[in-house]
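# A structural walkthrough
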Amino acid sequence: MGDQGNKTEDTIVCYAPTMITTNGIWQGDNPLDYSLPLFILQLTLVVAATRIFVFILKPFRQPRVIAEVLGGVILGPSVLGKSEAFANAVFPLRSVMVIETMANVGLLYFLFLVGLEMDITILRSVGRKAVAAAIAGMVLPFSVGAVFSLLLNREYDSNMTQGTYILFLGVALSVTAFPVLARILAELKLINTELGRLALSSALINDVCAWILLALAIALADNETTSLASLWVVLSSAVFVAFCVYAVRPAALWIVKNTPEGESFSELYICLILAGVMISGFITDAIGTHSVFGAFAFGLAIPNGPLGITLVDKLDDFVSGLLLPLFFAISGLKTNIGLIKGSFTWAILILVIFLACIGKIVGTLMVAIFYQMPVREGATLGLLMNTKGLVEMVVLNVGKDQNVFDEESFAIMVVITVIMTGIIVPAVSVIYKPSRGCRYYKRRTIQISKPDAEFRVLVCVHSPRNVPTIINLLEASNPTKKSPICVYVVHLVELSGRTSAMLIVHNTTKQERPALNRTEAQSDHIISAFQNYEKHASCVTVQPLTAISPYSTMHEDICNLAEDKRVSLLIVPFHKQQTVDGGMEATNMAFRAINQNVLANAPCSVGILVDRGLSGSNRLAANQVSHHVAILFFGGPDDREALCYGWRMLEHPGISLTIMRFVPGEQVSEPVIQVSINDPGVLKVETDKDIEKQLDEKLIHEFKMRNGNDDSVDFIEKVVNNGEETVAAIRTMDDIHDLFIVGRGQGMISPLTAGLTDWSECPEIGAIGDLLASSDFAATASVLVVQQYVGAGSLGDGLESPDGEEYVSEISQISNHSAPPKGHAVFNAEML
């Protein structure tokens with residue numbers, strides 16, 4: 001198309017306005033002579049080419065923008081467009097206006113979505129580090145662009161100065177594509193890390209600066225008499241932004257306020273907003289900025305929340321999947337790589353790519369060194385800030401439309417964009433390996449926590465309904481001056497209507513602003529409930545947080561936070577809740593997947609709480625708390641952890657504890673194992689089984705010795721031979737208990753629960769937990785299913801009873817290991 005554009009520069013292209021739809025091939029019409037069927041064919045080819053490249057580049061984890069640009073390049077004059085027959089038939093000059101108009105409509109609505117998903121309030125809370133990284137990451141590449149503009153030696157139009165060209169080129173090289181970066185970070189699993197949050201904050205600031213510079217560049221490029229007219233353009237743009245802030249945003253808030261919670265928004269409101277996008281584009285285009293600037297500012301004015309979510313749901317798939325690829329494909333269609341001729345031009349191109357990348361890396365490295373960040377993290381941040389995409393393509397297309405870039409310059413800049421964005425994922429994968437998972441801390445379980453140390457608990461909450469039982473459970477956990485409880489409360493919110501995940505730490509001292517939506521209202525309700533608990537309880541500190549992320553990666557937020565805060569116990573709500581008639585129904589199956597992922601990846605012990613109420617919803621004073629707690633003990637690490645938690649509760653004067661230990665009877669049939677000399681694994685299994693039994697006996701014996709004369713303890717031993725007798729024994733327990741604590745039984749195969757597993761509906765809470773949580777179980781007590789952390793180092797930390805007696809040496813004697821496992825000493829050295 002570039003060659004054709006040069007050859008027919010002075011040609012007038014005429015077409016009949018009625019030639020939109022064809023009468024059909026049977027009437028002798030060629031569909032490609034009519035604008036609508038031709039546009040449909042073009043759109044189909046663009047989407048097909050884009051999806052093919054998405055499939056090809058998927059193993060290389062490349063962002064979709066590269067596939068979309070490459071799809072256009074393939075269809076353009078660089079490859080298929082070299083054939084005049086193809087170019088004239090599929091992409092004739094007369095069709096350019098239609099396809100470019102639709103591409104810009106798609107771009108308009110996509111920029112509206114980008115603004116809609118951006119939470120501009122983050123700019124208030126970003127630290128100096130993010131601001132410094134953003135500015136340092138722009139200054140050096142901008143300087144590279146200024147030098148590069150001198151090397152190109154192009155002739156300027158009489159109405160354009162060298163400064164305008166430098167401004168366009170500098171913005172194109174220094175910008176960071178915020179939406180593309182968010183998707184790259186999600187792909188690299190870095191979006192929830194500290195580095196990912198810093199990169200996103202810096203990119204957001206960079207994006208805002210880029211839009212301001214682009215508006216200024218367009219104002220300068222549009223006007224022959226630059227001074228006065230450019231000033232009017234800038235002032236008009238400022239007035240438009242003020243209108244969005246002080247008129248559009250209050251109107252959107254009014255819409256949210258006047259729509260009852262849980263009801264869908266009126267079609268009238270949605271249509272007005274969608275029309276407002278077009279009107280905003282028209283206004284900014286009329287004042288001389290660019291239509292996309294108006295759509296972006298209009299999107300920023302719409303508050304995050306249910307209205308934003310509704311608009312994203314209605315527009316996202318159609319705009320991002322169908323219309324936006326047209327814009328990038330148009331950029332590719334305008335790109336003729338064949339115009340980049342001569343070794344000198346290619347050398348300059350490679351040099352610019354290198355210098356622009358290095359410019360951002362050096363800039364962010366300086367910031368990293370100043371803020372004492374690791375050098376590798378600084379370099380990674382610089383690489384991530386090199387992400388190009390949407391904004392740069394807008395800059396290039398506007399620059400080409402304004403005759404700032406000629407065909408060759410445009411082709412060079414498109415190649416630079418694709419290469420710079422394409423090298424990011426492989427480069428970051430090579431140089432940066434997150435250190436998470438290599439940091440160890442003691443007291444990952446209740447069993448090895450010291451009785452005279454702070455007890456740290458991470459509590460996850462989906463809705464205010466989870467709060468009363470959790471507060472009563474925490475109070476029953478016996479916070480004392482000797483062993484205070486530090487609670488981290490995380491409100492889990494699904495990511496929707498935003499570009500990136502967030503972790504919000506709430507300031508408990510200052511007055512929060514009024515809630516704008518249902519999510520904020522729920523967070524405020526949850527926070528105030530726990531603050532009230534902290535105020536009236538003694539020896540309890542509460543730190544509320546809100547984690548906003550997709551359900552698929554929410555467990556990463558939870559586990560990372562548990563590791564950062566070095567908690568001993570992580571409590572998550574069960575995915576089922578009790579109904580009015582006493583049954584159990586699932587609230588959200590995504591919660592079950594979160595719980596399963598947490599169990600698999602947690603850095604500490606985990607408790608899944610089946611909430612059936614715990615002494616009602618009203619919080620009692622500490623000296624009035626009265627609970628009857630039952631522990632079912634079969635043996636194994638999970639049951640030992642459950643017993644240790646119950647032991648901690650027993651110190652509370654209002655807790656009565658019943659321990660039912662299940663002992664195998666004489667009729668229990670142990671599986672016959674053929675021991676082979678060539679199969680040492682069998683001996684290991686048998687040895688481990690013996691160790692577990694001796695550890696169980698050790699803990700039970702110690703518990704009896706310490707609490708044998710305690711009237712609030714009832715110790716029962718039940719001899720059972722199979723799963724049926726186990727269920728019968730559990731059903732004989734009194735109905736006075738309002739909390740059962742049981743082990744999940746991971747990795748344990750007990751003949752006492754044989755057959756129960758086959759009927760288990762939810763394996764994540766184990767066979768016994770599933771029995772107690774089932775709708776047909778007579779009791780209406782809450783259930784806490786505990787899984788003990790058994791990862792690397794749990795034995796090496798010094799295994800202690802709740803009263804602090806270490807008995808690691810006895811474990812070593814039991815297991816007959818004279819030497820620690822490989823890497824054991826190194827682990828302890830790192831930990832200490």
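Everything numeric in this text was worked out from a predicted model, so none of it was measured.

In this section: the overall build of the protein chain. A tally of helices and strands in the protein chain yields 29 helices and 13 strands. Relative to its full complement of 832 residues, the protein chain shows a buried share of 53%. Counting contacts in the protein chain only where the partners sit at least 6 residues apart, residues at least 24 apart contribute 82% of the total. If you sum the accessible surface of the protein chain, you get close to 37800 Å²; carbon and sulfur atoms cover 58% of it.

Residue placement: Leu213 occurs in helix α10 (residues 194–222). Its relative accessible area of 23% is what places Leu213 among the partly exposed residues. Residues Leu213 and Phe168, spaced 45 residues apart in sequence, show a C-alpha to C-alpha distance of 8.5 Å. Leaving out residues up to four positions away in the same chain, Leu213 has contacts with Met138, Phe142, Leu167 and Val171.

On to helix α13 (residues 291–301), then. Residues that lie three or four places apart on an α-helix share one face, since the helix turns once every 3.6 residues. Across the 11 residues that make up α13, a large majority, 11, are buried. Along α13, the positions that sit buried rather than exposed are Ser291, Val292, Phe293, Gly294, Ala295, Phe296, Ala297, Phe298, Gly299, Leu300 and Ala301.

A contiguous nonpolar surface patch, about 590 Å² in accessible area, is contributed by Leu140, Leu351, Phe354, Leu355, Ile358, Val362 and Met366. The leading source of residues in the nonpolar patch is helix α15 (residues 343–370), at 6 residues.

Judged by how many residues are buried, strand β5 (residues 569–573) sits mostly within the fold: 5 of 5 residues are covered. Burial along β5 is two-sided: the face carrying Leu569, Ile571 and Pro573 and the face carrying Leu570 and Val572 are both buried.

On to the confidence of the model for the protein chain. Here the protein chain averages 79 in pLDDT, and 81% of its residues register 70 or above. A low-confidence stretch, residues 616–622 (pLDDT under 50), is modelled with 11 contacts involving residues beyond four sequence positions or located in other chains. Counting interchain partners and residues more than four positions distant, the pLDDT-below-50 stretch residues 792–832 has 62 contacts.

With respect to the secondary-structure elements, Thr335 resides in the loop between α14 (306–333) and α15. Given a relative accessible area of 0%, Thr335 falls into the buried group. Here Thr335 is in contact with Val73, Pro77, Ser78, Phe410, Ala411 and Val414, once residues within four sequence places are set aside.

Before going further, it helps to examine the nonpolar core. One finds Phe112, Phe168, Ile302, Leu307, Leu384 and Ile416 to be the most contacted residues of the largest nonpolar core, which totals 131 residues. Ignoring anything within four residues of it in the chain, the contact list for Phe112 reads Ile273, Val277, Ala295, Phe298, Gly299, Ile302, Leu311 and Leu315. In terms of nonpolar packing, the next biggest core, distinct from the first, is built from 51 residues, Met554, Val720, Leu752 and Val783 among them.

What follows covers the environment of Lys442. Mapped onto the elements, Lys442 comes out in the loop between α19 (424–431) and β1 (455–461). Residue Lys442 is classed as partly exposed on the basis of its relative accessible area of 36%.

Taken as a whole and assessed by the stated rule, the structure comprises 14 salt bridges. Here Glu764 makes a salt bridge to Arg592, at a shortest N to O gap of 3.0 Å. With Glu764 in the loop between β12 (739–743) and α27 (766–773) and Arg592 in helix α23 (residues 589–601), the pair connects residues that are 172 residues apart, well separated along the chain. Like Arg592, Glu764 is buried. Taking the shortest distance from any N to any O, the salt bridge between Arg661 and Glu697 comes out at 2.8 Å. Within this pair, whereas Arg661 is found in strand β10 (residues 655–664), its partner Glu697 is found in helix α25 (residues 680–707), the two being separated by 36 residues in sequence. Taking relative accessible area as the criterion, Arg661 reaches 12% and is therefore assigned buried. When salt bridges that share partners are traced, they join Arg661, Glu697, Lys704 and Glu717 into one network.

A few words now on the side chain of Ser237. With respect to the helices and strands, Ser237 occurs in helix α11 (residues 226–257). For Ser237, a relative accessible area of 7% corresponds to the buried category. Residues contacting Ser237, with those up to four places away along its chain left out, are Ile287, Thr289 and Phe293.

Where helix α16 (residues 375–384) contacts α19, the axes come no closer than 10 Å and their chain directions differ by 170 degrees. When the interaxial angle is binned, α16 and α19 end up roughly antiparallel. Residues Arg376, Ala379, Thr380, Leu383 and Leu384 of α16 form the contact with α19, whose participating residues are Ile424, Ala427, Val428 and Ile431. Its residues assigned to classes, the contact of α16 with α19 comprises 7 nonpolar, 1 polar and 1 charged.

Turning our attention to the pairing of strand β2 (residues 485–494). A large share of β2 lies buried, amounting to 9 of its 10 residues. Relative to β2, β1 is paired through 7 bridges, and the arrangement is parallel. Paired with Val459 across the strands is Val489, a residue of β2. A crossover connection joins β1 to the parallel β2 through helix α20 (residues 467–476); in handedness this β-α-β unit is right-handed. Note that β2 and strand β4 (residues 540–549) share 10 bridges and pair parallel. Bridge pairing links Ile485 to Val540 in β4.

This part takes up the environment of Leu396. Relative to the helices and strands, Leu396 is located in helix α17 (residues 390–401). Distance in space between the C-alpha atoms of Leu396 and Ser331 is 8.6 Å, their sequence separation being 65 residues. Here Leu396 is in contact with Ala172, Phe405, Phe410, Met413, Val414 and Thr417, once residues within four sequence places are set aside.

By the definition in use, this model includes 10 aromatic pairs. Ring centres of Phe455 and Tyr645 lie 6.4 Å apart, and the angle between their planes is 45 degrees; this geometry places the pair in the tilted category. With a gap of 190 residues between them, Phe455 in strand β1 and Tyr645 in helix α24 (residues 637–650) connect regions that are remote in the sequence. Pair check on accessibility: Phe455 and Tyr645 agree, each one buried. Ring centres of Trp647 and Phe703 lie 5.2 Å apart, and the angle between their planes is 90 degrees; on these two criteria the pair is classed as edge-to-face. Note that Trp647 is positioned in helix α24 and Phe703 in helix α25, a separation of 56 residues in sequence.

Before going further, it helps to spend a moment on unusual backbone geometry. In terms of backbone geometry, most residues other than glycine have negative phi values and most peptide bonds are trans. Despite not being glycine, Gln372 shows a phi value in the positive range, around 60 degrees. As for its placement among the helices and strands, Gln372 is situated in the loop between α15 and α16. Of note, the phi angle at Cys539 is positive, near 65 degrees, even though the residue is not glycine. Following the sequence through the fold, Cys539 ends up in the loop between α21 (518–536) and β4.

In this section: the packing of helix α22 (residues 554–565) against α23. In a pair of packed helices, the angle between the axes and the distance between the axes together describe the arrangement. Following both chains from N to C, one finds α22 and α23 inclined at 40 degrees, their axes separated by 9 Å at the closest point. Between α22 and α23, the crossing angle belongs to the class labelled oblique. Once α22 is placed against α23, the crossing between them reads as right-handed. In contact with Met554, His555, Ile558 and Cys559 of α22, α23 contributes Ile594, Asn597, Val598 and Asn601. The residue inventory of the contact of α22 with α23, partitioned by class, reads 5 nonpolar, 3 polar and no charged.

Conventions adopted
- Residues numbered from 1 in each chain as written.
- Predicted model: local features only at pLDDT ≥ 70, side-chain atom pairs only at ≥ 80, totals over all residues.
- Heavy atoms only, no water.
- Helix = DSSP H or I, 4+ residues; strand = E, 2+ residues; numbered from the N terminus.
- Buried < 20%, exposed > 50% of the residue type's maximum accessible area, 1.4 Å probe, protein only.
- Contact = heavy atoms within 4.5 Å.
- Areas by Shrake-Rupley, 256 points an atom, 1.4 Å probe, with all protein chains shown as cover.
- Patch = residues over 30% accessible without salt bridge, like charges linked within 9 Å, V, L, I, M, F, W, Y side chains within 5 Å.
- Salt bridge = Lys/Arg side-chain N within 4 Å of Asp/Glu carboxyl O.
- pLDDT = per-residue confidence, 0-100.
- Core = buried A, V, L, I, M, F, W, Y, C linked by side-chain atoms within 4.5 Å.
- Axes fitted to C-alpha atoms, helices over the stretch in contact; angles between N-to-C directions.
- Parallel < 35°, antiparallel > 145°, perpendicular 65-115°, else oblique.
- Nonpolar A, V, L, I, M, F, W, Y, C, P; charged D, E, K, R; others polar.
- Pairing = 2+ DSSP bridges.
- Right-handed = clockwise from strand over helix to strand, strands pointing away.
- Phe/Tyr/Trp six-rings, centres within 6.5 Å; stacked < 30°, edge-to-face > 60°.
- Left-handed = near helix turned anticlockwise from the far one by under 90°.

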